[in-house]
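# Geometric and topological summary
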Amino acid sequence: MAKVPVQFTLNGREKAEFVEGGTTLLHALRDKIGDTSPKGGCHQGTCGACSVIIDGELKLSCLTLAETCNGATITTTSGLAEAGVLHPLQRAFLDAFATQCGFCTPGMIMAAKVLLDHTPNPSRDDVVEALSGNICRCTGYEPIIQAVLTAARANSQNAA
Amino acid sequence: MALALQTFPTVRDANAALKASGTRYLGGGTLVVRATNEGDVSVTSLVRSTDPSLSAIEIAGGKARIGASVTMAAIARHPQLGAIAKAARAVGGPAIRNMATVGGNLFAPAPYGDFAVTLLALDATVSTDDGELPIGDFLAKRDDNHAIVNSVSFALPKAESFRFLKVSRVKPKGVSVLSIAAALEQAGDGAISSARIALGCMADRPMRARAAEKALIGKRLDRDGIAAALASAGEGTSPITDPIASAWYRAEVLPVHLGRLLLT
């Protein structure tokens, strides 16, 4: 079967590839483009490890076909650090020991980023709701929630 | 195996392409891409439509028409759909709600499809190019359906006359043990004048609790008034067994949760 072209903006850079029809965005990102920050966990939409931001909305890259993303703007966790300086969420995850095995971390950070983009000062309940589609088997979630709240405080202090 | 995806500007063209064997409609991807990820080789090609009518929400004269491609997130944040926002928010986590569509929810097998439970309680009408069907009839025949759903429409309930409950073991979000939607009208003296109660996970697809509905007519929403409805809530049900709960468990807890919903 003929390959299909896909073209989108990934973390601020134009990307173009040819993929087999039906290729998921997760597969295209990891195995074609080389961005391995989204993880393939369940491939069923249950774990959230593959979460990315497409045109400002949190989506699951394992259930999104790459060819439906033509022209889209996609953000993954690998695009957050700027000039070697970690994003406040990444720094907060490290400081709060919110990462253990690390498999869920990129998805968690994407879910948290969308939350903070829309709600800079979230309540604890807001954070829990925002992360409710992401499963972590290591931390018991509490350090992750604290990390997101810490990053939110850091953001608002910087803005003040 | 490679899948061919065809995109059409109109529903009519997409419907024509959908007739080919092995072809499924691609909405938000939460059902069909999941199936192909799991190795469902019966799907060989996918069809979708970018028809703008599929993404429209129209509200006029107390009625809502929701295009089949409208997502759960779009319903949950719509200012005029506040009465049913809770049911849309009950579906999945934020990423799933940004993807899962109204049309797809009509086809989601138990334990999924919580929003379709709401639509059944609201007596929605499902529209395809083949015509319109009451949602109960549509759900009963959905396995044989070969036409793309264009929209669902229903009379907007008053916030106080619509109740929804999803029971999950994982907080704040998890797969349904069961879900219940109830559209109840009360007369001036508080007696129930009409009741439509829909259940999720109590069969392979959303179903009405007709015996409980009947038992509520003329009764008040107090412990004595709802007793007969709770006693008959399980009539006609055939709950699923899955890793979330057994059929026995679902049958046992249905009256408990229906009681809580009716008394809140």
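## Quick look at the overall build of chain B
Secondary structure assignment for chain B yields eleven helices and twelve strands. Its C-alpha atoms give chain B a radius of gyration of 19 Å, within 12% of the compact-globule value 18 Å for 264 residues. Principal-axis analysis of the C-alpha atoms places the extent of chain B at approximately 60 × 45 × 30 Å. By the burial criterion, 48% of the 264 residues in chain B qualify as buried. Of all intrachain contacts in chain B linking residues separated by at least 6 positions in sequence, the fraction that spans at least 24 positions is 60%.

## Notes on unusual backbone geometry
Residue B:P111 follows B:A110 across a cis peptide bond; omega there is 15°. Turning to its location among the elements, B:P111 is positioned in the loop between α6 (102-105) and α7 (114-121). In this structure, A:Y141 takes a positive phi of about 75° despite not being glycine. As for its placement among the helices and strands, A:Y141 is situated in the loop between α4 (124-130) and α5 (142-159). C-beta crowding within 10 Å serves as the criterion here: with 17 such atoms nearby, A:Y141 is assigned to the partly exposed category. Non-glycine residue B:C201 carries a positive phi angle of around 75°.

## Comments concerning the interface of chain B and chain A
Facing the 19 residues of chain B at the interface are 26 residues of chain A. Counting only elements with at least two residues in the side of chain B that touches chain A, the list comes to β1 (4-8), α2 (32-37) and α5 (94-97) of chain B. Looking at which element gives the most residues to the side of chain B that touches chain A, the answer is α2(B), with four residues. The residue makeup of the side of chain B that touches chain A, split by class, is ten nonpolar, seven polar and two charged.

## Some thoughts on the domain arrangement of chain B
A common way to report how large an interface is uses the accessible area buried once the components associate. Residue and element names in this part refer to chain B. Under the domain assignment, chain B is made up of domain 1 (4-49), domain 2 (52-155) and domain 3 (161-263). Averaged C-alpha coordinates put domain 2 and domain 3 at centres separated by 20 Å. Facing 20 residues of domain 2, the contacting portion of domain 3 comprises 24 residues. Going through the elements one at a time, α4 (82-89), α7 and α8 (135-140) are the ones with two or more residues in the side of domain 2 that touches domain 3. Split by residue class, the side of domain 2 that touches domain 3 holds 13 nonpolar, four polar and three charged.

## As for the sheet that holds strand β12 (residues 207-208) of chain B
Residue and element names in this part refer to chain B. Read from one edge to the other, the open sheet built from four strands follows the order β9-β10-β11-β12, with strand pairing classed as antiparallel. Each end of this open sheet is capped by a strand with a single partner; those strands are β9 (162-168) and β12. In this structure, strand β10 (residues 176-186) lies alongside strand β11 (residues 192-200), joined through eight bridges in antiparallel fashion. When the sheet's bridge partners are listed, A181 is paired in β11 with A198. Running at roughly 35° to β10, helix α11 (residues 247-263) makes contact with β9 and β10 of the sheet.

## Structural notes on the domain arrangement of chain A
Residues and elements named next belong to chain A. Split into domains, chain A comes out as domain 1 (4-79) and domain 2 (88-159). One C-alpha centre belongs to domain 1, the other to domain 2, and the line joining them spans 21 Å. Facing the 13 residues of domain 1 at the interface are twelve residues of domain 2. Considered class by class, the residues forming the side of domain 1 that touches domain 2 number seven nonpolar, five polar and one charged.

## Considerations on α7(B)
All names here are of chain B. Within α7, eight of the eight residues are buried, which leaves the element mostly enclosed by the surrounding structure. Among all positions in α7, only D114, F115, A116, V117, T118, L119, L120 and A121 are buried. At the C-terminal side of α7, D123 shows a positive phi close to 60°.

## Details of the nonpolar core
In this structure, A:A111, A:A112 and B:A121 are the most contacted members of the largest nonpolar core, which totals 126 residues. A total of eight residues in this core trace back to one element, the largest contributor, which is helix α3 (residues 105-118) of chain A. Setting aside residues up to four positions removed in sequence, B:A121 forms contacts with B:A181, B:A182, B:A183, B:R196, B:I197 and B:A198.

Calculation criteria
- Residues numbered from 1 in each chain as written.
- Chains lettered and ligands numbered in written order.
- Predicted model: local features only at pLDDT ≥ 70, side-chain atom pairs only at ≥ 80, totals over all residues.
- Helix = DSSP H or I, 4+ residues; strand = E, 2+ residues; numbered from the N terminus.
- Rg over C-alpha atoms; globule rule 2.2 N^0.38 Å.
- Buried ≥ 20, exposed ≤ 12 C-beta atoms within 10 Å, placed from the backbone.
- Contact = placed C-beta atoms within 7 Å.
- Nonpolar A, V, L, I, M, F, W, Y, C, P; charged D, E, K, R; others polar.
- Domains from an automatic or database assignment.
- Pairing = 2+ DSSP bridges.
- Axes fitted to C-alpha atoms, helices over the stretch in contact; angles between N-to-C directions.
- Core = buried A, V, L, I, M, F, W, Y, C linked by C-beta atoms within 7 Å.

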